[in-house]
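A structural walkthrough
What follows is each chain in one-letter form.
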Amino acid sequence: MEKAQLNGQLGEEELRALEMDVTGKIMLASWRGARLEVIQVLREVIDNVLKEPGQPDVVLYNRAKGLLLTGAVFKSTIPDESDEERRELERMVAEAAQPKSKKHATNSAKAKREEMIKQQLEKEKAQGTHPAPTPAP
């Protein structure tokens, strides 16, 4: 990427879009690795809890019901949609999970970034925190 930028083949925005794409792919790989590790540990714990030798069937049955209830609680959780940074990270990971060509990735990331900047400026303008533009000399 650096060679292409030095040769003038990539503009600043295209380089930024490629960086965001690579970052998303790294985060996706990290997420998948962490997810697999959690699944493996859960599987081991559940096997130990449900197959403990010497426990009566009634106890194992109640444990199974407790695990189902715990799973239902976790499954019913709703993410906090107010965290803009978290949503941006989720978007990057979701985009990285979708196969696409480099050209499409660059254009897509560029369009998303421009849309986010536009929304942020509108939000700041509505809140009155956007600085006034300075006149050109």
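The coordinates are above.
The paragraphs below set out a description of the structure included in this document. Just so it is clear, the model here is predicted, and its values are computed rather than measured. All residue numbers refer to positions counted from 1 along the written sequence of the respective chain. For a predicted model such as this one, the threshold for reporting local features is a pLDDT of at least 70, and the threshold for listing and counting side-chain atom pairs is 80 or more; totals across whole chains, interfaces and linings nevertheless cover every residue. To obtain the side-chain values, all non-hydrogen atoms of the structure were used and water was disregarded.

**Thoughts on the packing of helix 2 (residues 12-50) against helix 3 (residues 57-75)**
- Where helix 2 meets helix 3, the axes come as close as 9 Å, and the angle between the chain directions of the two elements is 150 degrees. In terms of orientation, helix 2 lies roughly antiparallel with respect to helix 3. The segment helix 2 lies against helix 3, with Ile46, Val49 and Leu50 engaging Leu60, Arg63, Ala64 and Leu67. Axis definition: a line fit to C-alpha positions, over the contact stretch in the case of helices; interaxial angles, taken between N-to-C directions, run 0 to 180 degrees. Elements are defined by DSSP. Helices are runs of H or I of four residues or more, strands are runs of E of two residues or more, and each kind is numbered from the N terminus. The cut-offs work like this: below 35 degrees is roughly parallel, past 145 is roughly antiparallel, 65 to 115 is roughly perpendicular, and the gaps in between are oblique. Any pair of residues with heavy atoms lying within 4.5 Å of one another is described as a contacting pair.

**Here's the deal with the pattern of salt bridges**
- What makes a salt bridge here is a side-chain nitrogen of Lys or Arg within 4 Å of a carboxyl oxygen of Asp or Glu, nothing more. Evaluation of the coordinates by the stated rule reveals six salt bridges.
- Here aspartate 21 makes a salt bridge to lysine 25, at a shortest N to O gap of 3.8 Å. Placement of both aspartate 21 and lysine 25 in helix 2 is noted, with a separation of four residues, approximately one turn of the helix.
- For every residue, the accessible area (1.4 Å probe, protein chains only) is compared with the maximum for its type, and the residue is labelled buried under 20%, exposed over 50%, or partly exposed between those bounds. Classification of aspartate 21 as buried rests on a relative accessible area of 16%.
- Overall, lysine 25 belongs to the partly exposed group, its relative accessible area being 45%.
- Bridged by salt links that share partners, the residues Glu88, Arg91 and Glu95 form one connected network.

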